[in-house]
Amino acid sequence: MRFVFVTLFPNLIKPYFEDSIMKRAIENNLFSVEFINFRDFTTNKHQKVDDTPAGGGAGMVLKTEPLYKCLTFLKNKYLNSKTIFLTPVAKKFNQKDAKRLSNENTIIFVNGRYEGFDERIIEEFADEVLSIGDFILSGGELASLVIADAVARNISEVLGNKESLNIESFEKNLLEAPTFTKPKTDKFLKNSEVISEFFKGNHSIISSLKENLAIAKTKYHRPDIYIKFKTRKKYEK
């Protein structure tokens, strides 16, 4: 797996892969990262990458030339790649997308700035257009990092314990059950005793308890997902 980040600000992204799980995964050749500054593909004297919007309006829009040349270069270099544009005007990314995209060979993340992309560039090159939520960021870099992290965690061997993926939030339309650590009673917290069944070793009871806690948590925090869970359980009967 290869992640290619097309951005005007590579240094906003690079540090994330220099520590922790992502660093170890790269060192173990589980995936690689590449950073391309599309300003390098400009031909004008001042390497200008933006222009005023057609029809007027505030802000500046990214010019087509540098992105066209950059993405053409990458498409020819990585023939089996998937190009994803990050923009709030798009489908919302989710865990199913993370799993699906973890099977790709190369993902090219195109990160916008200012007032965004000329729509014609998206129509020309985008295999997918994704958003991470109903809010506006200063650029696509944070969004591409969010998606890259979520995708990378689903690549085989990136996580130390692959079973971790099976109990995470959004599996089976449930949020993950509350988690606790030892000791049973925490001297720093009031009313902090952990449920006693967690310490008795009956895995069947613990599993059932965790599922009930996950259901309650989902119903309270994400009723939209809870409805999907109830529907799935209905058809499983």
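Rules and cut-offs
Residues numbered from 1 in each chain as written. Predicted model: local features only at pLDDT ≥ 70, side-chain atom pairs only at ≥ 80, totals over all residues. Heavy atoms only, no water. Helix = DSSP H or I, 4+ residues; strand = E, 2+ residues; numbered from the N terminus. Rg over C-alpha atoms; globule rule 2.2 N^0.38 Å. Contact = heavy atoms within 4.5 Å. Areas by Shrake-Rupley, 256 points an atom, 1.4 Å probe, with all protein chains shown as cover. Lys, Arg positive; Asp, Glu negative; His and termini not counted. Charge placed at Lys NZ, Arg CZ, Asp CG, Glu CD. Core = buried A, V, L, I, M, F, W, Y, C linked by side-chain atoms within 4.5 Å. Buried < 20%, exposed > 50% of the residue type's maximum accessible area, 1.4 Å probe, protein only. Phe/Tyr/Trp six-rings, centres within 6.5 Å; stacked < 30°, edge-to-face > 60°. pLDDT = per-residue confidence, 0-100. Pairing = 2+ DSSP bridges. Axes fitted to C-alpha atoms, helices over the stretch in contact; angles between N-to-C directions.

**Comments concerning the overall build of the chain**
Right, on to step 1. A tally of regular secondary structure across the chain gives seven helices and seven strands.
Right, on to step 2. The helix and strand sequence of the chain, counted from the amino end, reads β-α-β-β-β-α-β-α-β-α-β-α-α-α.
Right, on to step 3. Taking 2.2 N^0.38 as the reference for a compact globule, 237 residues should give roughly 18 Å; the C-alpha atoms of the chain span a radius of gyration of 22 Å, well beyond that estimate.
Right, on to step 4. Of the contacts made within the chain by residues no fewer than 6 positions apart, 73% connect residues no fewer than 24 positions apart.
Right, on to step 5. For the chain, the computed accessible surface area is about 14700 Å², with 51% contributed by carbon and sulfur atoms.
Right, on to step 6. Positive and negative side-chain charges of the chain, numbering 37 and 31 respectively, have mean locations separated by a distance of 6 Å.

**Concerning the nonpolar core**
Right, on to step 1. Within the largest apolar cluster, 25 residues are counted, with the highest numbers of intra-cluster contacts made by Phe3, Phe17, Phe31, Leu101, Phe109 and Ile147.
Right, on to step 2. At the level of elements, strand S1 (2–6), helix H1 (20–27), strand S5 (81–92), helix H3 (95–101), strand S6 (106–111) and helix H5 (141–152) are the ones that each hand at least two residues to this core.
Right, on to step 3. Sorting elements by how many residues they give to this core places H5 first, with seven residues.
Right, on to step 4. When near neighbours in sequence (up to four residues on either side) are disregarded, Phe109 contacts Phe3, Val4, Phe5, Val6, Ile84, Leu86, Ser144, Ile147 and Ala148.

**Considerations on the environment of Val158**
Right, on to step 1. You can see Val158 is positioned in the loop between H5 and helix H6 (203–221).
Right, on to step 2. What makes Val158 buried here is its relative accessible area of 8%.
Right, on to step 3. Taking C-alpha positions, Val158 is 9.0 Å from Ile26, a pair spaced 132 residues apart along the chain.
Right, on to step 4. Among all residues touching Val158, those that are not within four sequence positions of it are Ile21, Ala25, Leu30, Phe31, Ala152 and Arg153.

**With respect to the packing of aromatic side chains**
Right, on to step 1. Evaluated as defined, the whole model comprises twelve aromatic pairs.
Right, on to step 2. Centroid distance Phe5 to Phe109: 5.3 Å. Interplanar angle 25°. Geometry classified as stacked. Placement of the pair is Phe5 in strand S1 and Phe109 in strand S6, with a sequence separation of 104 residues.
Right, on to step 3. Residue class for Phe5 comes out buried when judged on its relative accessible area of 0%.
Right, on to step 4. The buried category is assigned to Phe109, whose relative accessible area is 0%.
Right, on to step 5. Centre to centre, the rings of Phe41 and Phe73 are 5.9 Å apart; their planes meet at 45°, and the pair counts as tilted. Within this pair, whereas Phe41 is found in the loop between strand S2 (32–36) and strand S3 (50–51), its partner Phe73 is found in helix H2 (residues 64–77), the two being separated by 32 residues in sequence.

**Some points on unusual backbone geometry**
Right, on to step 1. With omega at 5°, the peptide bond leading from Lys182 into Pro183 counts as cis.
Right, on to step 2. Assignment of secondary structure puts Pro183 in the loop between H5 and H6.
Right, on to step 3. The backbone of Ser20 shows a phi angle near 60°, a positive value even though the residue is not glycine.
Right, on to step 4. Summarising the element assignment, Ser20 is placed in helix H1.
Right, on to step 5. Classification of Ser20 by relative accessible area gives partly exposed; the value is 43%.

**Thoughts on the confidence of the model for the chain**
Right, on to step 1. Scored by pLDDT, the chain comes out at a mean of 88, with 93% of its residues at no less than 70.
Right, on to step 2. Mean pLDDT per element in the chain: S3 is the minimum at 76, and S1 is the maximum at 98.

**Quick word on the sheet that holds S2**
Where strands meet in a sheet, backbone hydrogen bonds hold them as pairs that are either parallel or antiparallel.
Right, on to step 1. Spatially, five strands are ordered S2-S1-S6-S5-S7 in an open sheet, and the strand pairing comes out parallel. Each end of this open sheet is capped by a strand with a single partner; those strands are S2 and strand S7 (128–131). Averaged over all pairs of adjacent strands, the angle between their axes in this sheet comes to 30°, without regard to strand direction.
Right, on to step 2. Direction of pairing for S5 relative to S7: parallel, over a ladder of five bridges. The residue of S7 that forms the bridge with Leu86 is Leu130.
Right, on to step 3. H2 rests against S1, S2, S5 and S6 of the sheet, and its axis sits at about 170° to S1.

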